[in-house]
Amino acid sequence: MTTTVSSALRRAQQRDAAHVLPTYGRKPLAFARGEGTALFDHDGRPYLDFLCGLAVTNLGHSHPAVAAAVAAQARTLVHTSNLYLTDPMLDLAERLARIVGWEDGRTFFAQCGATANEAALKLARRHGKRQDPAKVRVVTLSGSFHGRTLATLEATGQPEKHAPFAPLPGVVDTVPFDDAGALADAVTDRTCAVLLEIVQGEGGVRPVPDDVLLAAREACDRHGALLIADEVQTGMGRTGSWFAFQDSPVVPDVVTVAKALANGLPIGACIAHGVAAGAFAPGDHATTFGGNPVTAAAANAVIDALTDGDLLARARTVGARLTAEMEAGIGELPFVAGVRGRGLLLGIELDEPVAADLEDACRERYLLVNAVAPDVLRLAPPLTVQDQEVDLALSALAAALRDVAEARR
Ligand SMILES: *Cc1c(COP(=O)(O)O)cnc(C)c1O
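Summary of the structure given here.

Conventions used here
Residues numbered from 1 in each chain as written. Predicted model: local features only at pLDDT ≥ 70, side-chain atom pairs only at ≥ 80, totals over all residues. Heavy atoms only, no water. Helix = DSSP H or I, 4+ residues; strand = E, 2+ residues; numbered from the N terminus. Rg over C-alpha atoms; globule rule 2.2 N^0.38 Å. Contact = heavy atoms within 4.5 Å. Areas by Shrake-Rupley, 256 points an atom, 1.4 Å probe, with all protein chains shown as cover. Lys, Arg positive; Asp, Glu negative; His and termini not counted. Charge placed at Lys NZ, Arg CZ, Asp CG, Glu CD. Phe/Tyr/Trp six-rings, centres within 6.5 Å; stacked < 30°, edge-to-face > 60°. Buried < 20%, exposed > 50% of the residue type's maximum accessible area, 1.4 Å probe, protein only. Lys NZ or Arg CZ within 6 Å of the ring centre and 35° of its normal. 1 Å grid on protein atoms, 1.4 Å probe; cavity = no way out; pocket = protein on both sides within 12 Å on 5 of 7 lines; lining within 4 Å. Points joined across faces, edges and corners; volume = space filled by probe spheres on them. Nonpolar A, V, L, I, M, F, W, Y, C, P; charged D, E, K, R; others polar.

### Section: the overall build of the protein chain
Move 1: Scanning the protein chain from N- to C-terminus turns up 12 helices and 17 strands.
Move 2: Taken over the C-alpha trace, the protein chain has a radius of gyration of 21 Å; the compact-globule value for 409 residues is 22 Å, and the two agree within 12%.
Move 3: Dimensions along the principal axes, computed over C-alpha positions, put the protein chain at roughly 65 × 55 × 45 Å.
Move 4: Put simply, 72% of the contacts in the protein chain that link residues at least 6 apart link residues at least 24 apart.
Move 5: Roughly 18000 Å² of accessible area belongs to the protein chain as shown, and the carbon and sulfur atoms make up 55% of that amount.
Move 6: Taking the average place of the 37 positive charges on the side chains of the protein chain and the average place of its 49 negative ones, the gap between the two points comes to 6 Å.

### Digging into the packing of aromatic side chains
Move 1: The tally for this structure, following the rule as stated, stands at four aromatic pairs.
Move 2: Arranged with centres 6.3 Å apart and planes meeting at 25 degrees, the rings of F243 and F245 form a pair that is stacked.
Move 3: Residue F243 is classed as buried on the basis of its relative accessible area, which comes to 0%.
Move 4: Taken together, the aromatic side chains of F31, Y47 and Y366 make up a single cluster linked through ring pairs.
Move 5: The ring of F40 carries the charged tip of R33 above its face, separated from the ring centre by 4.1 Å.
Move 6: A cation sits over an aromatic face here: R206 above F177, 3.7 Å from the ring centre.

### Topic: unusual backbone geometry
Move 1: Cis geometry is adopted by the peptide bond preceding P167, which originates at A166 and carries an omega value of 0 degrees.
Move 2: Positionally, P167 belongs in the loop between α6 (150-155) and β6 (172-175).
Move 3: Of note, the phi angle at F335 is positive, near 75 degrees, even though the residue is not glycine.
Move 4: The residue F335 is located in the loop between α10 (311-328) and β13 (336-342) in this model.

### Examining empty space enclosed by the protein
Move 1: Evaluation of the coordinates by the stated rule reveals one cavity of 30 Å³ or more.
Move 2: Along its surface, the largest cavity is lined by 13 residues, and T80, S81, N82, G290 and G291 are the ones closest to its centre.
Move 3: Split into classes, the residues belonging to the lining of the largest cavity amount to four nonpolar, nine polar and no charged.

Here's what the structure looks like:
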C-alpha cells in the first residue's frame, strides 16, 4: 500500500496533537531524511533547506564525516559523567580554545544555547559577587534572544515572551539595541555582565552597531563586569569567521556557542578566558551530559570539516553572492528593499510585512526559509551549499515574491 504525502503528514499531525505538548506552531511538513542541502518528505520529495534547522546544520544534512565520528564513538564509549575524563571532551576543549583564539580559553560544556548562556550568567554572577554581593545585574539589548530558561528568558529582550511567566528573577536591564549612550548608562557597579549577540538572530538578523559593542566593552572594563557574546547562532563559521566577534571591534570575556557546534547533535559550550576563566570553582556548576563523548566527537568532526573544506571563506563568498543578487533585485522584484546580515546569516528586508506569506510561498516552491520578523525573511543555507543550489533558491525566491505580489492584487 502506498501512503500519499498528505495522509502521512496528516497522521503525523494527529500524533503530534495527541501526545506532544503544544509549544510549537508547526509548518505543514514532516521530513524523513536529509542529505546535503536537501530535506526529503515521506514521499521522497526534496526541499532545498536554506534554514538549516535554525542555523544548525552548517555542514548540510547527514554529513559523512560527522556521521562516521558519531557511529564510531557510539560503538566505543557513550557516557561516563563528568566524574571522569574522556578524550573527545578534552580534544574539543582544546580545539575551541584554538578557534576562538584564546590560549588560556577554558570551556564549560552544556546541552544547548540556553544552558550555555545559563552557565555564562552564573559564571558572571560568581565573578561579580566576589567583588560585591550585590553585583548581580545583567544588561541586555532589546530584540535579543538568549533562550527559554527563566534566567535566559529574562535576558531575552522581547517583553511579550516574559509576560506569561512573570515574575522573572528581576536582575536584567534591557536597553535599545542601537543606543550606545543608554548602554553605557545602564552598566553600573551592580552589573556583573553585559550579554549580547554580535548579530541578533531571532531579533531579525540585525548586526549590533560597532559603537554599541565598543560602549559595552568599555563599560564592562570600567565597572569590572564581563562582556558575554552570545554566539549560539552566529558561531561556527555561520557569519564567515569562526565567531562573529572576530570581525568586530571587540573581544568578549566569554563566548557561548551551541546551534552549529555538532551539526545537529545537542551540545552547548561556554568559553571563558582571562579573569573570567577563573570565576568558577569545583562544585559551582554542573550538568550530567555536558561534554558527552558522542556529541563532543561530532563537534570535533565539525571543526575538522569546516577547516578542511575552507568553509568559512565559502560562507563569505556565497553570502556576498546572495547579497549582490538580492540587492540587484531591488526595484525589479516585488517587496525587496535590502539585505542585511553577515556571511550566510542573511535577512532580506521587505517593504511590506509579507514575510510570513513569502515563507509559505517559498515552501510551496520547495525552498525552506523563515520569516524572522514581519518584514524580514531569513536565509541560512549550509556552508556546503553548491552554486547550482544557490541558483535554484534564487529563482524559487524570485518566483515566490511574484506569487505573493500576485495573490495580493
Ligand atoms: C537559538 C538561540 C539561543 C537558544 O538556544 P537553544 O539551543 O534553543 O536553547 C540562544 N541564543 C541565541 C542567539 C540563539 O539564536
